[in-house]
Structures are given as structure tokens and as C-alpha cells.
Amino acid sequence: MKHKNTSIAPIIENSPSSQKALFIGPIASKATKGFVHYLKGHSIDVFQIANIPKSLYSYQFVFFQDPNDLDLLKDLISKMAPHMRVLIICTKKTIYEKISKKIISQKFKNISVIKIDPEHVGEEIYERWIYQLISPQAEKVYDFAPFYTEPKITKVKNPIRFHLSKKGFVLLMILLVFIWSSLFLPTLFLSLFSLRNFVKSDDSQKKQYYLQMADYYQSKTHQLFSLSKPVLSLFFLSLPFDNFIDFHSKTITSLKRSSRLAKNSQEFVAAITTNPNKSIAENKLTSIEDDLIELDKELAHLSQNPTLNLPIYRDYKKNLDELSQLSPLFPPVVAQLRQLLTSKSDKNIVVFFYNNMELRPGGGFIGSFFTITVSDWKLRNTRVYDVYEADGRLTTSVEPPQFISKYLAQPYWYLRDSNTSPDFEQNVKTASRFLQEEIDLSSPSLAFALTTSAIEKALLAIGPVYLPQYKTTITSENFYLTTQTEIESKFFPGSTNKRDFLQALLSMISLKLSSISPEKMISTIKNILEEKQVVMFSDSPQLASIISNKGWGGKLIIPQCLSSKTNCVVGYIFPIEANVGVNKANFFIKRGLSIEIDMKPDGRLSQKVKYQIKNDSPSNQYPGGVYKNWLQFYLPKKSLLSEINLNNKSVDYESLESDYFRQLGVYLEIPPNEKSSITFDSYTINQVGDFIHLEYIIQKQIGVAPYEAKLQFSIPPGYEVVGKNFSGLVKDRRVLYNTPINKDRLLVIDLKKQK
């Protein structure tokens, strides 16, 4: 048998801390005394006894020395537990041969036999014993005597004399210095390699293993570097390595903290939902709060370290950037969660499900919603409502906004059509009035809106979800059409099919969330928040401020200068669509935006807008069909314009002036496989000087899929571009720039009068 020449120490060190070993027989020889000391040094509790006890169940390992009677072996085997491993240590050849024959003939599992020399000691020897005990590849019986046989030393009559020249001596010293100063490099490389695998892996269990390996090799790197550091200091090379190792160590620390946060979060959720336990919930939430504070400090330090820009940290840097953008949100969320959980009165959380395939100004038709009541460390009354079930309880008549009565022919207003504003906070206030009247639910402290696209992106991250009740597998690709078919085909008044289906889907998604890595979850959350496929509302001023600053609240952006610079000019456009065709045509809709901006020396800022919509519905058959669209454009209040053209023909439009906006509205219908374009020119008059600071805002509607925008900015005569926050092409006194509208965009251009 040929042994693997590798250390078993990491296997023992990473095993559970409560392991016990029983040593049956005398611990008298040098070898057995040293072996017991070796086991204790690896956190294994060792108990010694002369004879076999009545029960062995509490021990993971049993070591039996020189059992000279086969009846003793039978007694041991009868008391073995399935989890136990036994190593029979023989110092006498007769006992070894007798026991080995019995073990081989009976093919006992989890029992190994070795013959040893009682006078030979050493860590390498004990690691080979452990290998014999735990390795599935090891032979069941093995005689270590040949391993201990020392080679005979024979005298050489004419030994070869070794002669080392001065040059050779110098080269040897240089080689030794190089080896000594590089002792830490192999383990550092292994730690970096493990970190790379950690970042690239999507499997949560593998990620945990890679992180443990990165941490283990990093600790060895610290130990070896302490030996190499004095030599490197002689050549002024220790500081760069010291900084790098320190950065790498803090990187691993932050990742371990993130992993612990994810685990504590899962246990916290379980402690307030599936297995309510106030004490555990309080402890876990406190741990989460403490770790978030420390993690925020660590991220701030790491993000400013130039080492992060090295190619080896490229993938990690991306994860760190995403986490750094989300990290300010976590402490106030946890703070409000604690406030809700410790409240003695009921606090409500509402999640609205927006079907953005039937787009509305606020993101989509409200098909369902989910309510949670929180108080005294408990989550109660968690329920998914079909919106028609709730609307059926409305006893009062509410007059709807004009476009609902005009284009949807609805004489009354209901919760399902309540998100008529492009501002989510306003829609939450409107919905709260309906919730109070329909299901007696007071205003929510926290509210979220999830679009159909948000669930698709979540499914893309966690993978396929099997629903056993429906015998179907839901993926990001088939989610919408499968869900629509399942719900619509079986719908009848009073049906709970939609609610039941969503309840089953959400339950399975929540179960699979534990298998997704924290990094992938953070990346997905960041993406859907930025795209406004999820928007949030909080009645906590601290949390609401962060949500607003990040642009995750779906609030209207007031067209005013964000900068304090003088001669600031603001341009703004916000296209807002509403599907009033009672179909799901937005599943097939594509759009594009083109804007030509012209800044004049007298301060006149004009924009020529072209908004194109293409309907790829294959036919008039549901869920596609004619796209009936109530299209609005929000512009700065001072904007002036003469007409709006639909497919190069002037059409009637509505114009409304509010506190900050001029709202334009036009109705259009786009048949399947056709496209339409809306164009108009508008302008504002502004005060300018030798310096002009232009801020141009393109706001994205909640629930709209990302689309392309083409911008062309004409430089005014006598001015030159001295700064911009985007990588546009400057050509023929124009700045050209194409960008995806996957989030709100702020484009800044600084102009200076030429001398």
C-alpha cells in the first residue's frame, strides 16, 4: 500500500468540535502516549479505559490496543454504532496476524488494523494512523513495520569529498535567502486561488468550503510571512507584501462576516415565522445589527485600498461595489424592522404584485397583494389576496381619474386600478384608502411593489422552481405565460386559483432562497431595484431618505438643479405609458427614445423628442392584441410647445400644469406587428452667462423594460465643452451619446464661453 503524503490536520481541525475518542488498553509505550497527545492537540477529547464499556455510542473514534482474544473483538463489534470508526493497534505480530485474518474474512466496515513499533513517534507517523482510520481508500489491515525499518549505514572506503568554491558558496547563500524570503508565497497563492473559486462559484456549499480554505491558507501565510519578513526587510521589500497580506486578510474577514450575516438572517426569519422564538429572534437581530456596523467599516476601508484594483481582485471588486451600494440600506431596514417587531400595537407590511405586462403609470395592473401584520416579535395574518376578492368588498362608490373612466370605461375606482400616479409613494397612499375600506387594514409602515419582471429576474438567479401541487416547473423563461395560462384558464368569479398559485410559488421561492449565494442575491436585488422592478416605501424618515437618495422609491424627480453651480440649466423628460386595452400586450412591446438637445447662447434650451413603440404581438389573440396606450410626457413646468405628431400627423393632446411639471397626454392604438412614433418639439428659456452647467434627466417608469435612448447635444456657438459625466462622442460641435434606460439617467455637461 502506498500512503498519500499529505497532512490530515485540516480534516481534523475542520471537524465538529465535540468529538470524543476512547482508548481501550494501556497507554504505556512512547508511540501510544505521543498519539494521545497528538489527538488532544487537535481538539479531540480522549478517554482511556482498561476494558470495553457497556456503551460506545457517544464516541466517534475507538482505539483498541492488542486485543489478545477474538471474543473481545466480537464484543467490540456488537457495541459499535454506525457513525463510529475503530482502529486496532497491534504491537505484537501474533495478535496482528490473528486479528487481521478475522477482519479480512468477515469484511467488517469502519474497522482497520495496524501493526506498529511502540518506540517510534512523530506527527507524520500519527497522520498515517489517522489516514488508515478515516480514508475509504486505505487497506483494512496494514503492517507499518517496513515503514519504520531504518536503512543500514555502510562505510564507504573512499568517500567523495564535497568541495564548494567561493562563487558556489555565494550562489548557495543567495538561493537560501530567496527560499527563506519566499516561504509564504505558496500558501498565499493557494489562499488567492480559493478566494477566486469562492467568487466564481454559485453553489452555496462550495462557496463555504472555498472560503474556509482561503481562510486556512491565509492563516498559514501569516505564520510563514513572520519568518520571511526579517529577510525581506533587509532589502526593503517587506512593506508591499505586508500591505497585500493585510488587505487579503481583511477581505476574507469581510466575506466571513457577510456569510455569517446571511446565515443569521435566515435563522432570524425562521425565529419570527416558521418556529417563533422571541429570544432567538432578539439575539439574531442584535448580531445582525452588530455585524452590519462592522461590515460597513470594512467595506469603506477595502473600497479605498488601491490593492482592490489589481487584476486578481477584479471579480471580487464587482461584488464589493454592488454590496457597497446596498449596504447603506441595511441598517435602517433592520432598525425599522426592530421598531415594528417590538411594537405592542399591530404594524402592517404590504407587498403589491404589479403585472407590468398590463402597464399602468405606477408600474402595472395590481393583480394581487400580500399582507403581513407585525407586533411583539411575531409575524401574523400573512396572506395573499386576489385583488378582485378585496375589491368585491368595497361598499362605497369612488370616482376614478379621467383616463380610467374615458379609456377603460370604468364608472368607479377600485384598488386594482389605484396606481395611476407615476410616483409610488402617492400610489401607496391611494391604495391605503382602499385597503382600509375593503379589508380593514390600516396604512402600512412598509410597502413594496414587485413587478412580473422582478419575479422573472429572481427565478433567473435561484433557478427552476417545481410546484408539486400543479405538477409543473416554473423558470424565468416560462414564468409569465405559464402563470397567465394557469390563472386565466381556470378563472371564475370567486375563484381563489390566482391566490393559491401565487402562494405556492412564493413559498417555493422562499425555500430556494437559502441555496443562493449572498453575492448573487445582492447582485439580483441591486439590479431589480435600479431597474424599478421593485420599489419601496417606508414611514421611517431615516429609511425613506436613503430609499429616495438611491432612487429606489419610485418617486417623481423634481426637475431642478442638483448642483449649486451658477447658471444651471435643467432639462427633463419622463415618458409614462398606460395600457388601457384590457390585455397583456406589454409582453410584446419594444420602445426607443431619441432626443436632439439644442442649447442657444441666449439661454433657450430646445429638445426634439421622438418616442417609438413597436407591438410584436403575433395576432389579436389574448394575451396580445392591439396596444391601446394612454401616453404621457412629463416636462419641466416652464416648457412650451406647439404640437404633437403621431406618425408625422398632428394629433390632439391634453396639457396639464402642476407644481413642477407640464404633463402632456396623447391616446394611440398600435395594431399587432406595427409600430408608431410620437414626436414633438419643446423649449424652455433660461438665464446663462460665460459658464453653463446643464443637467439633463431622463426618468424611467416603474415596470418598463429597459430600452435604448439616443441623444444628440448641439454645442452653442461661442462655447466649448469643458466637462461631462458620460463618455459621449464629440463631433462637428455635437455630443453624441447612446445609453440604455435601465434606470433614471442624469447627464451633466459643462460649457464655457470661448475666449
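Residues numbered from 1 in each chain as written. Predicted model: local features only at pLDDT ≥ 70, side-chain atom pairs only at ≥ 80, totals over all residues. Heavy atoms only, no water.

> Help me out: how do you make sense of the overall build of the protein chain in this one?
Looking only at helices and strands, the protein chain features 21 helices and 28 strands. Whereas a compact globule of 755 residues would reach a radius of gyration of roughly 27 Å, the protein chain reaches 36 Å, over 25% beyond that. In the protein chain, which comprises 755 residues, the proportion classed as buried is 48%. By sequence separation, contacts in the protein chain at least 24 residues apart represent 73% of the contacts at least 6 residues apart. Here the protein chain has roughly 38300 Å² of accessible surface; of this, 54% comes from carbon and sulfur atoms. Where the 92 positive side-chain charges of the protein chain centre and where its 73 negative ones centre are 8 Å apart. (Helix = DSSP H or I, 4+ residues; strand = E, 2+ residues; numbered from the N terminus. Rg over C-alpha atoms; globule rule 2.2 N^0.38 Å. Buried < 20%, exposed > 50% of the residue type's maximum accessible area, 1.4 Å probe, protein only. Contact = heavy atoms within 4.5 Å. Areas by Shrake-Rupley, 256 points an atom, 1.4 Å probe, with all protein chains shown as cover. Lys, Arg positive; Asp, Glu negative; His and termini not counted. Charge placed at Lys NZ, Arg CZ, Asp CG, Glu CD.)

> Quick question: what am I supposed to make of the packing of aromatic side chains here?
Aromatic ring pairs are described here by two measures, namely the spacing of the ring centres and the angle between the planes. For the coordinates displayed, the defined rule picks out 32 aromatic pairs. When the centroid spacing of 5.3 Å and the interplanar angle of 75 degrees are considered together, the rings of Phe-184 and Phe-241 count as edge-to-face. Taken together, the residues Phe-184 in the loop between α7 (166-181) and α8 (185-200) and Phe-241 in helix α10 (residues 238-272) connect sequence positions 57 residues apart. Judged by relative accessible area, which is 30%, Phe-241 ranks as partly exposed. Geometrically, the ring pair formed by Phe-365 and Tyr-388 is tilted, given 6.4 Å between the ring centres and 40 degrees between the ring planes. (Phe/Tyr/Trp six-rings, centres within 6.5 Å; stacked < 30°, edge-to-face > 60°.)

> Would you take a moment to explain the state of the cysteines for this structure?
Here, disulfide denotes a covalent bond that connects the sulfur atoms of two cysteines. Under the defined criterion, the tally for this structure stands at 1 disulfide. With its sulfur 1.7 Å from that of its partner, Cys-561 forms a disulfide with Cys-568. One quick way to see it: the torsion about the S-S bond of Cys-561 and Cys-568 is about -105 degrees, and its sign makes the bridge left-handed. (Disulfide = S-S within 2.5 Å.)

> What am I meant to see in helix α12 (residues 314-326) here?
Side chains that are three or four residues apart share a direction in an α-helix, a result of its 3.6 residues per turn. With 13 residues, α12 ought to run about 18 Å at 1.5 Å a step, and its terminal C-alpha atoms sit 19 Å apart, in line with that. Within α12, burial applies to Tyr-316, Asn-319, Leu-320, Glu-322, Leu-323 and Leu-326. Axial view of α12: buried residues confined to an arc of 165 degrees, hence all on one face. Exposed residues on α12 whose side chains face more than 90 degrees from its buried face are Arg-314 and Lys-318. On its buried side, α12 packs onto α8, α10, α11 (278-303), α13 (330-341) and α20 (518-530). (Expected span 1.5 Å × (residues − 1). Arc of directions from axis to C-beta.)

> How should unusual backbone geometry be read in this particular structure?
Among all residues save glycine, negative phi is the norm, and among peptide bonds the norm is trans. In this chain, Tyr-622 is followed by Pro-623 through a cis amide linkage whose omega measures 15 degrees. Of note, Pro-623 is situated in the loop between β16 (604-615) and β17 (627-636). Of note in the backbone geometry, Asp-66 takes a positive phi value of approximately 50 degrees without being a glycine. Assignment of secondary structure puts Asp-66 in the loop between β3 (61-65) and α3 (70-78). Non-glycine residue Lys-532 carries a positive phi angle of around 60 degrees. Examined against the element boundaries, Lys-532 turns out to sit in the loop between α20 and β13 (534-538). Lys-532 gets classed as buried once you look at its relative accessible area, which sits at 2%.

> I keep staring at a nonpolar patch on the surface and nothing clicks. Help me out?
Side chains of Leu-164, Phe-169, Val-170, Leu-171, Leu-172, Met-173, Ile-174, Leu-175, Leu-176, Phe-178 and Ile-179 sit close together on the surface and give an oily, nonpolar patch of about 990 Å² of accessible area. Here Leu-172 lies in helix α7. Judged by relative accessible area, Leu-172 falls into the partly exposed class, the value being 36%. (Patch = residues over 30% accessible without salt bridge, like charges linked within 9 Å, V, L, I, M, F, W, Y side chains within 5 Å. Salt bridge = Lys/Arg side-chain N within 4 Å of Asp/Glu carboxyl O.)

> Would you mind going over the packing of helix α2 (residues 30-41) against helix α5 (residues 123-134) with me for this structure?
A pair of packed helices is captured by two measures, namely the crossing angle of their axes and the spacing between those axes. Put simply, α2 and α5 touch, their axes get as near as 10 Å, and they point 75 degrees apart. On the basis of the axis angle, α2 is roughly perpendicular to α5. Between α2 and α5, the residues in contact are Lys-30, Ala-31, Gly-34, Phe-35, Tyr-38 and Leu-39 and Glu-123, Tyr-126, Glu-127, Trp-129 and Ile-130, respectively. When its residues are assigned to classes, the contact of α2 with α5 shows 7 nonpolar, 1 polar and 3 charged. (Axes fitted to C-alpha atoms, helices over the stretch in contact; angles between N-to-C directions. Parallel < 35°, antiparallel > 145°, perpendicular 65-115°, else oblique. Nonpolar A, V, L, I, M, F, W, Y, C, P; charged D, E, K, R; others polar.)

> What exactly am I supposed to notice about the sheet that holds β3 here?
Backbone-to-backbone hydrogen bonds pair the strands of a sheet. The strands run either parallel or antiparallel. With parallel pairing, the 6 strands of this open sheet are ordered in space as β2-β1-β3-β4-β5-β6. Two strands close off the open sheet at either side, each with one partner strand: β2 (45-49) and β6 (141-143). Ignoring strand direction, the axes of neighbouring strands in this sheet form an average angle of 15 degrees. Direction of pairing for strand β1 (residues 20-24) relative to β3: parallel, over a ladder of 4 bridges. Within β3, the position partnered with Phe-23 by the bridge is Phe-63. In the packing of α3 onto the sheet, contacts are made with β1, β3, β4 (85-90) and β5 (111-115), and the angle to β3 comes to roughly 175 degrees. Contacting β4, β5 and β6, helix α4 (residues 93-106) runs over the sheet at an angle of about 155 degrees to β5. (Pairing = 2+ DSSP bridges.)

> Would you mind showing me how to read the pattern of salt bridges here?
Opposite charge on two side chains permits them to pair, given that their charged atoms come into close proximity. Scanning the entire structure with this criterion turns up 32 salt bridges. A salt bridge links Asp-291 to Arg-257; its shortest N-O distance comes to 3.0 Å. Placement of Asp-291 in helix α11 and of Arg-257 in helix α10 is noted, with a sequence separation of 34 residues between them. As far as the burial class goes, Asp-291 and Arg-257 line up, both buried. The shortest N-O distance in the salt bridge between Asp-616 and Lys-614 comes to 3.7 Å. Residue classification places Asp-616 among the partly exposed positions, given a relative accessible area of 25%. The class of Lys-614 is partly exposed, set by a relative accessible area of 40%. A single network of salt bridges, built from pairs that share partners, joins Arg-257, Arg-260, Asp-291 and Glu-298.

> Please explain the nonpolar core as it appears in this structure.
The nonpolar side chains of soluble globular proteins are, as a tendency, buried together. Ranked by internal contacts, the top residues of the largest apolar core, which has 70 residues, are Phe-268, Tyr-313, Tyr-316 and Leu-459. Per element, the largest residue contribution to this core is 9 residues, and it comes from α10. The next biggest cluster of nonpolar side chains, apart from the first, holds 43 residues, and it includes Leu-631, Ile-644, Leu-646 and Ala-709. (Core = buried A, V, L, I, M, F, W, Y, C linked by side-chain atoms within 4.5 Å.)

> Explanation requested: the sheet that holds strand β9 (residues 378-386) in the structure shown.
Strand order in the open sheet formed by 5 strands is β9-β8-β7-β10-β13, and the pairing between neighbours is mixed. Of all the strands in the sheet, just β9 and β13 have a single pairing partner and so form its edges. Each neighbouring strand pair of the sheet contributes to a mean axis angle of 15 degrees, computed without reference to strand direction. The pairing of strand β7 (residues 347-355) with strand β8 (residues 365-375) spans 9 bridges and is classified as antiparallel. Opposite Asn-355, over in β8, you have Phe-365 as the bridge partner. Sheet strands in contact with helix α17 (residues 452-462) are β7, β10 (446-451) and β13, and its direction is about 80 degrees off that of β10.

Remember that the coordinates give geometry; whether it matters functionally is a separate question.
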